[in-house]
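Close look at the chain arrangement
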Number of protein chains: 4
Amino acid sequence: MTSKTRIAQIGFGYWGPNILRAISSHGDAEIVAVSDNDQEQLAKAGRQFPTAALCTDIDDVIARNDVDAIIVALPAGLHFDVTKKALEAGKHCFVEKPLALTTSDCKTLLGLAARKNVVLMVGHTFEYHGAVRKIKALIDAGEVGEIYSIIAQRMNLRRIRQDVDAMWNLAPHDFSIALYWLNQAMPVSIRAQGFSHLPRPKPLADLTYLTMEFASGAVVHIISSWLSPEKIRKVMLVGSKKMVTYDDVDVESMVQIHDKGVDLSSVVTTDYGEYQTLVRSGDLVIPALRITEPLRIEMYDFVDCIRQGKTPVADGQSGLRVTRILEAASESMARNGAPIKFE
Amino acid sequence: MTSKTRIAQIGFGYWGPNILRAISSHGDAEIVAVSDNDQEQLAKAGRQFPTAALCTDIDDVIARNDVDAIIVALPAGLHFDVTKKALEAGKHCFVEKPLALTTSDCKTLLGLAARKNVVLMVGHTFEYHGAVRKIKALIDAGEVGEIYSIIAQRMNLRRIRQDVDAMWNLAPHDFSIALYWLNQAMPVSIRAQGFSHLPRPKPLADLTYLTMEFASGAVVHIISSWLSPEKIRKVMLVGSKKMVTYDDVDVESMVQIHDKGVDLSSVVTTDYGEYQTLVRSGDLVIPALRITEPLRIEMYDFVDCIRQGKTPVADGQSGLRVTRILEAASESMARNGAPIKFE
Amino acid sequence: MTSKTRIAQIGFGYWGPNILRAISSHGDAEIVAVSDNDQEQLAKAGRQFPTAALCTDIDDVIARNDVDAIIVALPAGLHFDVTKKALEAGKHCFVEKPLALTTSDCKTLLGLAARKNVVLMVGHTFEYHGAVRKIKALIDAGEVGEIYSIIAQRMNLRRIRQDVDAMWNLAPHDFSIALYWLNQAMPVSIRAQGFSHLPRPKPLADLTYLTMEFASGAVVHIISSWLSPEKIRKVMLVGSKKMVTYDDVDVESMVQIHDKGVDLSSVVTTDYGEYQTLVRSGDLVIPALRITEPLRIEMYDFVDCIRQGKTPVADGQSGLRVTRILEAASESMARNGAPIKFE
Amino acid sequence: MTSKTRIAQIGFGYWGPNILRAISSHGDAEIVAVSDNDQEQLAKAGRQFPTAALCTDIDDVIARNDVDAIIVALPAGLHFDVTKKALEAGKHCFVEKPLALTTSDCKTLLGLAARKNVVLMVGHTFEYHGAVRKIKALIDAGEVGEIYSIIAQRMNLRRIRQDVDAMWNLAPHDFSIALYWLNQAMPVSIRAQGFSHLPRPKPLADLTYLTMEFASGAVVHIISSWLSPEKIRKVMLVGSKKMVTYDDVDVESMVQIHDKGVDLSSVVTTDYGEYQTLVRSGDLVIPALRITEPLRIEMYDFVDCIRQGKTPVADGQSGLRVTRILEAASESMARNGAPIKFE
């Protein structure tokens, strides 16, 4: 492919401009059309991309012959319909997370993408984040040992949405991080609880807790909240050999590698039958990270996979896995925290 | 009562010396006996309290006529038997948390204390902590508004015990804090999950998650862990008017009062049916705390209640409530996280 | 003035693109020309501002009739010559800090600007910073009391320059902050020391210390360094009533207002003639700041002052004061730290 | 020496109890007498050391035959007289810092100690601190490279004294740390400035700045202040190979070793004659420290040196060096910051 890859974006709302700015700096990408139903946003897109066609009708964008790839940056509830049409029209698709609202819809999209032989990618930005990748490299090198547990907290007093709850809004990031670290293993069970505290017309959980258990023994706990005194974006990883934290808010010390653990060989028994297992607490290393903007790496991966016929890191399968988990978690939440098993 | 209150302590292990040092500085308290089955610990007690009688037999201590009050600082499994004997002998009793292992045992002790007309107190130190009390005062003054949720995390790589799991070891602190803030209301339900990762002869949960729901709508979530990269002792309180954090590790900014919340009157609807609730984010106030050692205030309360015939803040009822919750949480854990209702 | 203000920028190096991006978003500003002697940078400017004329010759830009105002974003050594030409051509001028290298040159520029009746502004961005202004408001409201001392630290391992030393590079920010807080009072004396540790062809101080004394009794101490383990941008203000810190690196708690001081009325004399003055340590308040990008506010001030015939906050006088101090500090440094008096 | 070393302490004020508690836990030390002119403090000593003789007359303590060693914990102005008498009486002496107020007095004491063949030690606790020693080991191993600069800040709103200024109160700690790291080299020059802001009968500097230059090129800058919004006890060490911070307030990350520096081989020249030296910014390591209480190690060193005829780390020479520097700094301060040379 020698000519440029021609990109259109559907949806230019809160996050959309960032995506388009990121992909537009790729030397082989060309922004040819932008669609949004808000005239003001559309005007903004026009100023930023003077040569792009602007339109309010989604179908017009999909129908264009001069478009190779479509970025779907719409509310989650619209992902399936629009992406389905775009895939049917033979367009490569990048869809914001979550890929779709149901497992079944995800499978339909994956099937279509396969049949049309186009790239289907989902916006799991964190799989492209330098900190997440650094920790993945540590795990792969055996430095962390067996993974005992992952505790992820994503809390912030911010935009409270009315289309999805806090879990659908925030937890997909943590699902994609945890699964990436756990080699894309699926959990064996999940339990979730959601609580809605804000008095509003259509209550949606603003605070959710969920726990996933894996066949390996790993346990993943995720707290998602829109109501929090502090901005928290933190993932703690406890392994048998080392313990690692990834704190996205702490820019100077984002990844912290603790040489800590339990020394199982030396057990001291005290009176009354207590015993004290000796703990090992060594140096703390804060690795230097060269953090290129993850969104840029992600969008470049989309362009490069289209041009080179490769499969992106955050492919449709990755999107399917996260939606399966979200779906099961929602079911557990509806059934008051009952455990949902994965086959 | 004009003469001094004569104190004996049973158990002089890990925490015992701190208790005895704290109470010994009370001008009206006199340490008359110490018991431990470890000769080395006993010798240490002797150096610290040269005039105290030292003995290895618990019954000898209880039988002494020159003892008014007994401090039970033994492993949790021995609390009931020893405290029962001491109460039967008419001694005022201070028992380390938890008061006993079962609700039924706690009730027996409460009944005995009432019959013998002696003080029964349990070691819920945090109810005497300046930070916890400061926040209680804020709540009582209506500054926090309706309490939406409390998230407590108590995690640290430290002494891993073999007599109780991480929840029994760590969560009682958070139970007593949460109940204190919630005016001693009992939850309507509790769900708990425990996970044991360390390969050891008799597995006990080293990581536990639990959620309590209250009739008021408040939700309390508690994470207890012996395996953690960082030492975390943090409680977050989300109210409708303000949000407060209590971080016991952050000595300089232990209590942080965030003037944050959701402005429910102003809702902005965006395209595609999303809406954005406006959040309010005002000043952060870190109140100056005059932190006297909580253990000292607690032990002084014991002496003063004995001498003045008062009921301590952390009385037997408080101990009973925490044990009821622990018992229910353990049942939930055994039943794989099933919700346990309180009548 | 109804038509747009036509802007040209001379110098499009490290910081230049930020200035131009900031001013270009002003609705009444239009970028008409950019000059740089590096073709690559010029091409970058062309992509960002497709309608602007690009040229390598500075004089060509100054000679243009369609230019109302010129931004001088060149190395400090070139500021005077270029700004002088631009003023002579009747252009409003914004000059990056420092305004010029000598007091005498600054005065020449101020005289020219007055004669030509154009705006002369210098790039003291911090006078437009929300945190700096918040503290200024506290001082003006009398909350800080008498200003005892200001300690400013600006240290970072970063671009080590060969045209100016660390003081000329970093301290102007702190000079402009301190003078702004001290109501533009000039110091009565200054002492400076500089140290060059890096082995390089033309040694320039990479670490400087300086102290300014003011008639009011205030003392300002400034540390500037290119060699530092940590990125530090912190100013501490000690007043008789309150103490304030401004930490530019701590995004969440940038301004901290400590209700701390010495209670002079209560003095406790101890044995041996020591005495202990009682200190007062009250609440800490971290005010919510609405930080709009200071650079944008600054550049908007330039445009607005041109259009409305006003004097900018960071006017030529402000630039003159900072250069006078830099000049005196350099003299002190050359004379091994000898105090330089200001008349 | 098989019997215990018999210790007396003169002065049981603010810090005195800590010293005596630390030394008393040494198995070969015995507290035989305590002197103070405050009856209340003396009573406190009596409760803590029931077998020690208590007296108000210093001479009585020195005259006792059952005393081998004397701890002088008095205000600085009394150090010389009391220590001189104690040495003349043949007692080993531990003197709180500073050893004496003048170089000449220090030399007198050193001469006496040599003639009497007794141990003379000064209370430079930080030379026994795990963090300071860890950094010393790094320096000795060549990991830090050439030492460029040390910046020490010791600031806190606390006890404001009337016998000595902030420098005499706080800077001796930093002098002893810097000299220890610099292999006990003496500076070639020192400059100091002091400022008194508090309105009080006898003004003493509450804020001091001083700079020492060493023959090696190292520069040490010390800020001492009684008036500070924050409690700061921090030393930054910049070397040619690594940069290290020691923050005594940050208990969890006290020593931070930054693999940072300037890569002198790769210099990039930009347009306009600027150049940009490439900086190297690698991992940050926070070593695990086993911090035993420094005061205990220090006091044990005193006992052990007496018993084994060894010279302590913080010997009289160390005390002399610090007093020489204090004396010169005071002279510089009196002469308005003029540099004082050391021969």
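The rules behind these values
- Residues numbered from 1 in each chain as written.
- Chains lettered and ligands numbered in written order.
- Predicted model: local features only at pLDDT ≥ 70, side-chain atom pairs only at ≥ 80, totals over all residues.
- Heavy atoms only, no water.
- Helix = DSSP H or I, 4+ residues; strand = E, 2+ residues; numbered from the N terminus.
- Rg over C-alpha atoms; globule rule 2.2 N^0.38 Å.
- Buried < 20%, exposed > 50% of the residue type's maximum accessible area, 1.4 Å probe, protein only.
- Contact = heavy atoms within 4.5 Å.
- Areas by Shrake-Rupley, 256 points an atom, 1.4 Å probe, with all protein chains shown as cover.
- Least-squares fit on C-alpha atoms with pLDDT ≥ 70 in both.
- Pairing = 2+ DSSP bridges.
- Axes fitted to C-alpha atoms, helices over the stretch in contact; angles between N-to-C directions.
- Left-handed = near helix turned anticlockwise from the far one by under 90°.
- Nonpolar A, V, L, I, M, F, W, Y, C, P; charged D, E, K, R; others polar.
- Buried area = accessible area lost by both parts, 1.4 Å probe.
- Salt bridge = Lys/Arg side-chain N within 4 Å of Asp/Glu carboxyl O.
- Polar contact = N/O pair within 3.5 Å; in protein donor to acceptor, adjacent residues only side chain to side chain.
- pLDDT = per-residue confidence, 0-100.
- Phe/Tyr/Trp six-rings, centres within 6.5 Å; stacked < 30°, edge-to-face > 60°.
- Lys NZ or Arg CZ within 6 Å of the ring centre and 35° of its normal.
- Expected span 1.5 Å × (residues − 1).
- Bend = angle between axes of the 7 residues up to and from the residue.
- Arc of directions from axis to C-beta.
- Parallel < 35°, antiparallel > 145°, perpendicular 65-115°, else oblique.

**Digging into the overall build of chain A**
The number of helices and strands found in chain A is nine helices and 15 strands. Whereas a compact globule of 343 residues would reach a radius of gyration of roughly 20 Å, chain A reaches 22 Å, a difference of no more than 12%. If you line up chain A on its principal axes, its C-alpha atoms span 80 × 45 × 40 Å. By residue count, 60% of the 343 residues in chain A fall in the buried class. Long-range contacts, defined here as pairs at least 24 residues apart, represent 67% of the contacts in chain A between residues at least 6 apart. Surface summary for chain A: the accessible area is close to 12600 Å², and the carbon and sulfur share equals 49%.

**So, the relation of the copies chain D and chain C**
With an RMSD of 0.0 Å, chain D superimposes on chain C once it is rotated by 180° and translated 0.0 Å along the axis. What we have between these two chains is a two-fold relation. Among all C-alpha atoms of chain D, that of D:Ala338 lies closest to the rotation axis, at 3.6 Å.

**Focus: the sheet that holds strand E4 (residues 69-72) of chain C**
Residues and elements named next belong to chain C. Overall, parallel pairing links the six strands, which are arranged E3-E2-E1-E4-E5-E6 in an open sheet. Of all strands in the sheet, those bounded by a partner on one side alone are strand E3 (53-55) and strand E6 (120-122). If you compare each strand with its neighbour and ignore which way they point, the axes differ by 20° on average. Inspection of the sheet shows strand E1 (residues 5-10) paired to E4 by four bridges, in the parallel sense.

**Describing the environment of B:Pro294**
All names here are of chain B. Its place among the elements puts Pro 294 in helix H8 (residues 294-308). Under the relative-accessibility criterion, Pro 294 is labelled buried at 14%. Each C-alpha atom, one on Pro 294 and one on Arg 321, is 21 Å from the other, the two residues being 27 residues apart in sequence. Excluding residues that lie within four positions of it along the chain, Pro 294 makes contacts with Thr 125, Tyr 128 and His 129.

**Structural notes on the side chain of C:His79**
Residues and elements named next belong to chain C. In this structure, His 79 sits in helix H4 (residues 76-88). Judged by relative accessible area, which is 1%, His 79 ranks as buried. Excluding its chain neighbours within four sequence positions, the residues that come into contact with His 79 are Val 72, Leu 74, Val 95, Glu 96, Lys 97, Pro 98 and Leu 99.

**Description of the packing of helix H1 (residues 16-24) of chain C against helix H8 (residues 294-308) of chain C**
All names here are of chain C. Viewed as axis vectors pointing N to C, H1 and H8 meet at an angle of 65°, and their least axial separation amounts to 8 Å. Regarding H1 and H8, the two cross each other, and that crossing is right-handed. The residues of H8 that touch H1, namely those facing Asn 18, Ile 19, Ala 22 and Ile 23, are Leu 295, Arg 296, Met 299, Tyr 300, Phe 302 and Val 303. Considered class by class, the residues forming the contact of H1 with H8 number eight nonpolar, one polar and one charged.

**Some words on the interface of chain D and chain C**
The interface of chain D with chain C comprises 63 residues on the first partner and 62 residues on the second. When chain D packs against chain C, the two sides together hide about 5800 Å² of surface, and 61% of this comes from carbon and sulfur. Where chain D meets chain C, there are two salt bridges. Measuring nitrogen to oxygen at the nearest pair gives 2.7 Å for the salt bridge that ties C:Lys234 to D:Glu230. Counting across the interface, chain D meets chain C through 16 residue pairs in polar contact (both at pLDDT 80 or more). Among the elements of the structure, strand E7 (147-155), strand E8 (189-195), strand E9 (207-213), strand E10 (219-225), strand E11 (232-239), strand E12 (243-247), strand E13 (255-269) and strand E14 (275-286) of chain D are those that each provide at least two residues to the side of chain D that touches chain C. When grouped by side-chain class, the residues that make up the side of chain D that touches chain C number 28 nonpolar, 20 polar and 15 charged.

**Quick notes on the pairing of strand E10 (residues 219-225) of chain A**
Residue and element names in this part refer to chain A. Where burial is concerned, most of E10 is hidden: seven out of the seven residues are buried. Burial along E10 is two-sided: the face carrying Val 219, His 221, Ile 223 and Ser 225 and the face carrying Val 220, Ile 222 and Ser 224 are both buried. Bridge count between strand E7 (residues 147-155) and E10: seven bridges; the pairing is parallel. Within E10, the residue paired with Ile 150 across the bridge is Val 220. Summarising the sheet, strand E9 (residues 207-213) and E10 pair through seven bridges and their orientation is antiparallel.

**Here's the deal with the interface of chain B and chain C**
When the parts come together, some accessible area is lost, and that loss is often what is quoted as the size of the interface. The interface of chain B with chain C comprises nine residues on the first partner and nine residues on the second. When residues of chain B are sorted by the area they lose upon contact with chain C, B:Asp283, B:Leu284 and B:Ile286 head the list and together hold 51% of the total. The tally of links from chain B across to chain C stands at zero salt bridges. For the interface between chain B and chain C, the tally reads four residue pairs in polar contact (both at pLDDT 80 or more).

**Quick word on the confidence of the model for chain A**
Residue and element names in this part refer to chain A. Per-residue pLDDT for chain A has a mean of 92; in total, 95% of the residues score no lower than 70. For residues 270-274, every residue scores under 50 in pLDDT, and the model assigns this stretch 18 contacts once sequence neighbours within four places are set aside. The ipTM, which scores confidence in the relative placement of chains, is 0.91 for this predicted complex, and the corresponding pTM is 0.91.

**Observations regarding the packing of aromatic side chains**
According to the stated counting rule, one finds ten aromatic pairs over all chains in the structure shown. In this structure, C:Lys136 is placed above the aromatic ring of C:Tyr180, and the distance from its NZ or CZ to the ring centre is 5.7 Å.

**Details of helix H7 (residues 166-181) of chain B**
All names here are of chain B. The first and last C-alpha atoms of H7 sit 23 Å apart over 16 residues, in line with the 22 Å expected at 1.5 Å per residue. The sharpest bend along H7 comes to roughly 35°, located at Pro 172. For H7, the capping residue at the N-terminal end is Asp 165, with a side-chain oxygen 3.1 Å from the backbone nitrogen of Met 167. Directly beyond the C-terminal end of H7, a positive phi value near 60° is found at Asn 183.

**Considering the sheet that holds strand E2 (residues 29-35) of chain D**
All names here are of chain D. Spatial ordering of the open sheet is given by E3-E2-E1-E4-E5-E6, a layout of six strands whose pairing is parallel. The open sheet has two free edges, formed respectively by strand E3 (53-55) and strand E6 (120-122), since each of these has just one partner strand. For this sheet the average axis-to-axis angle between neighbouring strands, irrespective of direction, equals 20°. Sheet strands in contact with helix H8 (residues 294-308) are strand E1 (5-10), E2, strand E4 (69-72), strand E5 (92-95) and E6, and its direction is about 165° off that of E5.

**A closer look at the relation of the copies chain B and chain C**
After a rotation of 180° and a shift along the axis of 0.0 Å, chain B superposes on chain C with an RMSD of 0.0 Å. A shared binding surface is used by both copies, with 100% of the interface residues of chain B retained as interface residues in chain C.

**Overview of the side chain of B:Thr323**
Residue and element names in this part refer to chain B. Secondary-structure assignment places Thr 323 in helix H9 (residues 316-334). On the basis of relative accessibility, which here comes to 0%, the residue Thr 323 falls in the buried class. Aside from chain neighbours lying at most four places away, what touches Thr 323 is Pro 98, Leu 99, Ala 100, Leu 101, Thr 102, Thr 103 and Cys 106.

**A short note on unusual backbone geometry**
Cis geometry is adopted by the peptide bond preceding C:Pro98, which originates at C:Lys97 and carries an omega value of -5°. Mapping C:Pro98 onto the fold places it in the loop between strand E5 (92-95) and helix H5 (103-116). Phi at A:Gln184 is positive, roughly 65°, even though this residue is not glycine. Mapping A:Gln184 onto the fold places it in the loop between helix H7 (166-181) and strand E8 (189-195).

**Looking at helix H6 (residues 130-140) of chain C**
All buried positions along H6(C) are accounted for by C:Ala131, C:Val132, C:Ile135, C:Lys136, C:Leu138 and C:Ile139. An end-on view of H6(C) places all buried positions within 160° of arc, on one side of the element.

**Here we look at the pattern of salt bridges**
Following the criterion strictly, the structure yields 56 salt bridges over all chains and no others. Here B:Arg335 ties to B:Glu331 by a salt bridge, and the two come within 2.9 Å at their closest N and O atoms. With a relative accessible area of 46%, B:Arg335 lands in the partly exposed category. The residue D:Glu213 makes a salt bridge to D:Arg191 at a minimum N-O spacing of 2.6 Å.

**Re the packing of helix H6 (residues 130-140) of chain B against H7(B)**
Angle between the axes and distance between the axes are the two parameters that describe a pair of packed helices. Residues and elements named next belong to chain B. Two numbers describe how H6 lies on H7: the axes approach to 9 Å, and their chain directions differ by 25°. When the interaxial angle is binned, H6 and H7 end up roughly parallel. For the crossing formed where H6 meets H7, the hand is right-handed. Each of Val 132, Arg 133, Ile 135, Lys 136 and Ile 139 in H6 lies in contact with H7, whose residues at this interface are Ile 177, Tyr 180 and Trp 181.

**Section: the pairing of strand E12 (residues 243-247) of chain B**
All names here are of chain B. Most of E12 is tucked away, with five of its five residues classed as buried. Relative to E12, strand E11 (residues 232-239) runs antiparallel, the two sharing five bridges. Each residue of the ladder has a partner; that of Met 236, found in E12, is Thr 245.

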